[in-house]
Amino acid sequence: MRLGFNFWLGAGLTALVVLAGILAPWIAPFDPVLDADLMNSELPPDATFWFGTDGQGRDVYTRILYGAQISLTVGVVSQLINSIIGVTLGMTAGYWGGWWDDLVNGVTNVMLAIPSLIFALAVMAVLGPGLPSLLVALGLTNWSWTCRIARSSTLSLKSLSYVQAAQTLGYGDLRIMFTQILPNIMGPILVMATLGMGSAVLSEAALSFLGLGIQPPFPSWGSMLTDARQLIQLAPWVAIFPGLAIFLSVLGFNLLGDGLRDSLDPHMRTRNP
Amino acid sequence: MTASLLEVDDLHVRFSVSGGGLLGSGRRMLHAVNGISFKLAKGECLSIVGESGCGKSTTALAILGLQEPTEGTIRYRGQPLTGTGAPGRMQRAKAVQMVFQDPYASLNPRQTVRASLAAPLRLHGITAASEIADRIEVMLGNVGLTPEQALRYPHEFSGGQRQRIGIARALILEPEIVVLDEPVSALDVSIRAQIINLLLDLQEKLGLAYLMISHDLSVVEHMSDRVLVMFFGQVVEEGGWRDIFEKPAHPYTRRLIAAIPDPYAEQNPLRQQDRLPGVPPLDGRGFASDCSTAPDVFSAPARSELVEIALGHRVRLVPAD
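Fair warning: this is a prediction, and the values are worked out from it, not measured in the lab. (Residues numbered from 1 in each chain as written. Chains lettered and ligands numbered in written order. Predicted model: local features only at pLDDT ≥ 70, side-chain atom pairs only at ≥ 80, totals over all residues. Heavy atoms only, no water.)

Details of the overall build of chain B
- Along the backbone of chain B there are 10 helices and 12 strands.
- Burial analysis of chain B (321 residues in total) assigns 48% to the buried set.
- The long-range fraction of contacts in chain B, counting pairs at least 24 apart against all pairs at least 6 apart in sequence, stands at 68%.
- Here chain B has roughly 14800 Å² of accessible surface; of this, 52% comes from carbon and sulfur atoms. (Helix = DSSP H or I, 4+ residues; strand = E, 2+ residues; numbered from the N terminus. Buried < 20%, exposed > 50% of the residue type's maximum accessible area, 1.4 Å probe, protein only. Contact = heavy atoms within 4.5 Å. Areas by Shrake-Rupley, 256 points an atom, 1.4 Å probe, with all protein chains shown as cover.)

A look at the UniProt feature "transmembrane region" (unreviewed entry) in chain A
Residues and elements named next belong to chain A.
- The UniProt record marks residues 7-28, 117-141, 185-214 and 234-256 with the feature "transmembrane region" (unreviewed entry), using the residue numbering of this structure.
- Annotated as 95% helix and 0% strand, the span residues 7-28 places its first and last C-alpha atoms 28 Å apart.
- For residues 234-256, helix accounts for 87% and strand for 0%, while the C-alpha atoms at its two ends are 36 Å apart. (UniProt positions renumbered as here; feature names shortened; annotations may be inferred.)

Quick notes on the packing of helix α2 (residues 60-96) of chain A against helix α6 (residues 144-158) of chain A
Residue and element names in this part refer to chain A.
- Relative orientation of the contacting elements α2 and α6 amounts to 35°, with a least axis distance of 7 Å. Crossing angle aside, the handedness with which α2 passes α6 is right-handed. The residues of α6 that touch α2, namely those facing S83, G86, V87, L89, G90, M91, A93, G94 and Y95, are T146, C147, A150, R151, T154, L155 and K158.
- Here the contact of α2 with α6 is built from residues that sort into eight nonpolar, six polar and two charged. (Axes fitted to C-alpha atoms, helices over the stretch in contact; angles between N-to-C directions. Left-handed = near helix turned anticlockwise from the far one by under 90°. Nonpolar A, V, L, I, M, F, W, Y, C, P; charged D, E, K, R; others polar.)

Describing the pairing of strand β10 (residues 234-240) of chain B
All names here are of chain B.
- Burial analysis of β10 places seven of its seven residues in the buried class, the great majority of the element.
- Of the strand pairs in this sheet, strand β9 (residues 226-231) and β10 are connected by six bridges, and their pairing is antiparallel. By the bridge assignment for β10, V227 is matched with G239.
- Here β9 hands over to β10 after two residues, with F232 in that stretch at a positive phi of 50°. (Pairing = 2+ DSSP bridges.)

A short note on empty space enclosed by the protein
- Evaluated as defined, the whole model comprises two cavities of 30 Å³ or more.
- Empty space within the largest cavity amounts to approximately 80 Å³.
- Taken together, Y162, A165, A166, L169, Y171 and Q180 of chain A together with L107, N108, Q111, S116 and R169 of chain B make up the lining of the largest cavity.
- In terms of residue class, the lining of the largest cavity is made up of six nonpolar, four polar and one charged.
- Considered as a void within the structure, the second largest cavity measures approximately 40 Å³ in volume.
- Within the residue set of the lining of the second largest cavity, elements represented by two or more residues are α2 and α9 (221-228) of chain A.
- The class makeup of the residues in the lining of the second largest cavity is three nonpolar, no polar and four charged. (1 Å grid on protein atoms, 1.4 Å probe; cavity = no way out; pocket = protein on both sides within 12 Å on 5 of 7 lines; lining within 4 Å. Points joined across faces, edges and corners; volume = space filled by probe spheres on them.)

Re the nonpolar core
All names here are of chain B.
- Core analysis: the largest hydrophobic core is formed by 70 residues, its most contacted members being I167, Y210 and M223.
- Excluding its chain neighbours within four sequence positions, the residues that come into contact with M223 are C45, L180, I196, L199, L200, Y210 and M212.
- Listed in part, the 33 residues of the second largest apolar core include C54, A209, L211 and M230. (Core = buried A, V, L, I, M, F, W, Y, C linked by side-chain atoms within 4.5 Å.)

In structure tokens form, the structure reads like this:
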């Protein structure tokens with residue numbers, strides 16, 4: 001199996017974010033919240049403060065490392081929720097058809113008609129700000145495309161004769177869905193999930209920017225951008241580095257998704273001799 | 001006469017299709033199969049021939065349990081396969097299996113050959129690894145593949161090899177009846193003979209009964225013991241292969257036979273249809289239809305009946321008053 005440059009670049013960037021998040025307590029030179037020192041505020045990057053300091057004199061580098069934890073958790077957990085909901089609904093709707101298909105289609109269309117960020121805002125308004133409600137809000141709002149892709153892939157696979165063969169061999173419906181259909185629709189679903197991780201990171205940043213996500217003083221890339229808004233002309237590094245972190249992690253997720261799709265395609269797989 | 005393994009009696013399948021009206025108005029019934037009856041004996045090959053849309057595949061799907069019949073019964077060894085009290089997929093799987101037309105769509109691309117043969121065995125209660133391995137090896141040998149090839153994925157095989165895998169999968173549960181849906185029509189001409197001979201060898205070796213669905217009359221002629229000619233969901237003629245190929249009576253059958261390409265046509269000045277023997281006397285009764293016009297699939301066919309004109313050779317005629 002030969003993986004392209006893009007895959008490795010994506011995997012590298014993703015690994016960088018994962019390592020930053022996991023190792024933050026050990027490799028961060030300061031505390032993200034408590035080491036505020038107004039005497040040091042708005043310092044440009046130097047040897048002590050690699051990425052400079054923000055308005056309260058906190059180290060931006062430290063806060064970005066800790067922010068990776070939030071972004072990763074939001075990306076992975078919300079996409080897991082999205083994929084499970086989307087695949088379950090889409091695959092069963094495509095396989096069984098009938099009234100269940102009509103119902104799932106109706107709900108999916110309603111979900112698609114509501115702007116997901118607005119819907120997430122509404123959920124956050126009900127649940128209150130904070131990480132758990134952020135996960136629920138983003139997990140419940142972005143499954144419609146996954147559901148559509150799962151449904152249409154299932155529909156096209158259902159008519160193939162290996163699915164009929166499984167029926168004549170005595171497989172039950174659930175077994176057919178799990179052994180015959182799911183492995184063959186995983187490629188696009190996985191790509192959707194990794195691309196969705198990127199957009200979940202963006203949504204988290206947007207919600208935090210709007211003040212509904214992670215609450216200050218705890219660091220998330222989005223809330224750091226909110227804080228940077230007033231300083232952007234005086235201390236651009238306060239905005240540039242969180243923005244760069246968002247950009248690189250979203251790019252990483254997207255490249256990883258593309259690379260995974262290619263490697264999961266069985267036509268590109270060769271047997272080990 | 002051996003006891004029949006499979007009995008299909010007066011099978012009807014109708015589909016409700018949208019007439020295109022608003023709010024689901026104008027729904028009509030499409031008559032796909034209109035009263036098919038036949039018996040299949042152990043070790044026999046019965047072919048159903050006819051043009052696309054004549055209901056032959058729907059009949060096969062009904063036998064496999066993939067299509068619920070609207071009316072009629074299907075019995076396997078005297079036990080009903082349809083209606084209430086019909087067996088589930090599991091019991092049915094050991095009776096009837098199918099070899100599919102397209103060897104590229106009939107194998108799961110993410111399962112190795114071994115996995116696609118082992119999973120049904122495990123599902124049917126064979127859990128000992130050694131027994132699974134033995135049965136797979138025997139089956140691969142039966143269809144002319146080596147055990148090493150079992151570790152490969154379908155895309156690593158040619159069309160003919162894939163069809164061998166499809167045959168192995170159909171036979172792994174040791175069914176008595178195998179439905180062959182155009183088993184060679186998707187294959188390269190040079191491979192067809194190999195697969196046909198493999199099917200004939202396996203039939204003899206394992207005592208299988210074949211129900212073959214085909215429009216390729218040269219394959220039908222080579223493999224069948226008996227032939228059913230279908231048109232618009234009805235049998236228009238049935239008989240032993242000699243009756244059908246040497247003494248076809250119904251105009252539709254005669255046209256089908258005449259359409260077989262004849263490599264010696266140049267040497268024979270007569271058109272092939274003219275070389276067929278004359279239609280046997282039918283007691284002055286006419287054919288129900290000569291099948292030269294497209295039928296109205298949304299209404300039931302006019303009344304007619306199958307009349308025996310020779311032993312085991314029956315033709316559809318207008319009803320006797």
